[in-house]
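# Structure assessment
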Amino acid sequence: MNLAIIRYFLGWILNVEAVLMLLPCGAALLYGERSGIYFVITLALCAGIGILCTFRKPKNSIFYAKEGFVSVALSWIVLSIMGALPFYLSREIPCFEDALFEVVSGFTTTGSSILPDVEALSRCMLLWRSFTHWVGGMGVIVFMLAVLPLAGGGYNMHIMRAESPGPSVGKLVPKVRQTAKILYLLYFIITLVQILLLLLSGMPVFDTLCMSFGTAGTGGFGILNSSAASYTYLQQGIITVFMILFGINFNVYYLFWIRKPKDAFGCEEARAYLGIIAVSILLIGWNIRHLFPSLLVAFHHAAFQVGTIITTTGFATTDFDLWPEFSKTILVVLMFVGACAGSTGGGMKVSRILIAFKQVKRELGNLIHPQSVKILKLEGKKLEHNVIRSANGYFLAYAIIFAVSLLLVSLDGFDMTTNMTAVAATFNNIGPGLAKVGPTCNWSGFSAFSKYVFMFDMLAGRLEIFPMLLLFSPGTWKKGF
């Protein structure tokens, strides 16, 4: 274990976070809010520690898979702890585990909140809260790879693979750093387009920035207690479209960027993802038509909620906990499915679901024709054994963590619907669940112990489980000490 390079890496994470905090500092200055001083204090603390850790670059700057995964997991923990300090020091969230829960939920783009009154926060705190979604959506490590030459050769891929969502990570171009730059450029451009459209629709500038950050990161922190319900149908429609767009694999946008539309439209995962959305909207829209004044309004809300759940964004335009059981069941299923690999969305990812279905189909075929040999393919390419093995390992680890988390949070004594959807909402980085964690409720009723369980689930879900599990493996640290 190369502990020196991990220390160096964490130092740069703190330096980057210090720079990111300039945005809420500027907001505090603009709106004349005294709570901005706590961002200045935290910024100075981050920069001070960061400079000490990066003052001297280690002689051995090589990242292997183990260092990459551990560095990423520790980075997200450090990022969250420091990001929670302004909330805690200002006493706008007086309990530290609540402040940490809120920020972990922000950076992991989950959107679950312990706040009963969001509008009580100062504007600089609201902006930071939403900005954590945008930072966490594409990933702060991807951002670092885009601007900093941390490791030479192909070692950066170990870092990028640990943070990027999906069963596999490929390079868009030969150099990982160039790939990171392309991803962030596309991310920035799509975010900017949404900001412009919301401004043209008449949404206030502050609301536009916060809602766009939440949509781009598929996070879901609203700045109003009503989430997105107070905005116009046009504004909700724009948010719906962009939630779905940010749930598509960014490789598809890259193919459009290099003028290969045929390859982009041929993406099997994206077509399956859009197909699931279309079918879900039709089924739910028809099922809830009696709850709204017209069929068009019913489909509008169905589209918004399907988009917000499958992309794991978490905004709400209505209390879908009051919908018929059939519609709620579809939404719960979509919680597990999630968005595409290589997007800002969470969940299991559509590509893993496709791999699982292909494996089941192959097993059925082998039972009928035992001598047949069928090669699994995705996107027209042969699925390598390590990809299938990784997907199977992910499903197994997912099931174990989900079951253990459900058991642990049940100690609080809430009903099964609350507990199960709370674990699903945090582990899949969604935000709202059902019952006591529904779209009109919050998570403040859970014990501190349960909140830490949920925080682990949020981090594990965002980092594809294994980077977090490696932190608790004795073999990870054996050689380091």
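In the block above lies the structure referred to throughout.
Keep in mind that what you see is a predicted model, and the values were worked out from it rather than measured.

## Details of the overall build of the protein
Check the secondary structure of the protein and you find 22 helices and two strands. Taken over C-alpha atoms, the radius of gyration comes to 22 Å for the protein, in line with the 23 Å a tight globule of 481 residues would show. Overall size of the protein, expressed as C-alpha extent along the three principal axes, is 60 × 55 × 50 Å. Looking at the 481 residues of the protein, the share that counts as buried comes to 58%. Taking as baseline every contact in the protein between residues at least 6 positions apart, the subset at least 24 positions apart corresponds to 72%. Carbon and sulfur atoms form 68% of the exposed surface of the protein, whose accessible area is close to 19900 Å². One finds the centroid of the 35 positive side-chain charges in the protein at a distance of 15 Å from the centroid of its 24 negative side-chain charges.

## A closer look at the packing of helix 5 (residues 96-107) against helix 6 (residues 123-138)
When two helices pack together, their arrangement is given by the angle between the helix axes and the distance between those axes. Packing of helix 5 against helix 6 leaves a shortest axis separation of 7 Å and a crossing angle of 40 degrees. In terms of orientation, helix 5 lies oblique with respect to helix 6. Seen from helix 5, the contacting residues are E102, S105, G106 and F107; seen from helix 6, they are W128, R129, T132, H133, V135 and G136. Of the residues assigned to the contact of helix 5 with helix 6, the class counts are three nonpolar, five polar and two charged.

## Structural notes on the nonpolar core
In terms of nonpolar packing, the biggest core is built from 140 residues, with F250, Y273 and W443 touching the most fellow members. Ignoring sequence-local partners within four residues, the contact set of F250 consists of M138, L183, L186, Y187, I190, G342, S343 and T344.

## Examining unusual backbone geometry
When glycine is set aside, most residues are seen to have a negative phi, and most peptide bonds are trans. Look at T218: it is not a glycine, yet its phi comes out positive at around 45 degrees. You can see T218 is positioned in the loop between helix 10 (205-216) and helix 11 (233-246). The residue E464 is not glycine, and still its phi comes out positive at about 60 degrees. Here E464 is to be found in the loop between helix 20 (448-462) and helix 21 (466-470).

## Some points on helix 12 (residues 250-257)
Given 3.6 residues per turn, any residue in an α-helix points the same way as the ones three and four places further on. Buried residues of helix 12: F250, V252, Y253 and Y254, and no others. The backbone nitrogen of N251 lies 2.9 Å from a side-chain oxygen of the residue at the head of helix 12, namely N249. Positive backbone phi, approximately 60 degrees, marks R259, located one or two places after helix 12.

Here is what the cut-offs are and how they apply
- Residues numbered from 1 in each chain as written.
- Predicted model: local features only at pLDDT ≥ 70, side-chain atom pairs only at ≥ 80, totals over all residues.
- Heavy atoms only, no water.
- Helix = DSSP H or I, 4+ residues; strand = E, 2+ residues; numbered from the N terminus.
- Rg over C-alpha atoms; globule rule 2.2 N^0.38 Å.
- Buried < 20%, exposed > 50% of the residue type's maximum accessible area, 1.4 Å probe, protein only.
- Contact = heavy atoms within 4.5 Å.
- Areas by Shrake-Rupley, 256 points an atom, 1.4 Å probe, with all protein chains shown as cover.
- Lys, Arg positive; Asp, Glu negative; His and termini not counted.
- Charge placed at Lys NZ, Arg CZ, Asp CG, Glu CD.
- Axes fitted to C-alpha atoms, helices over the stretch in contact; angles between N-to-C directions.
- Parallel < 35°, antiparallel > 145°, perpendicular 65-115°, else oblique.
- Nonpolar A, V, L, I, M, F, W, Y, C, P; charged D, E, K, R; others polar.
- Core = buried A, V, L, I, M, F, W, Y, C linked by side-chain atoms within 4.5 Å.
- Polar contact = N/O pair within 3.5 Å; in protein donor to acceptor, adjacent residues only side chain to side chain.

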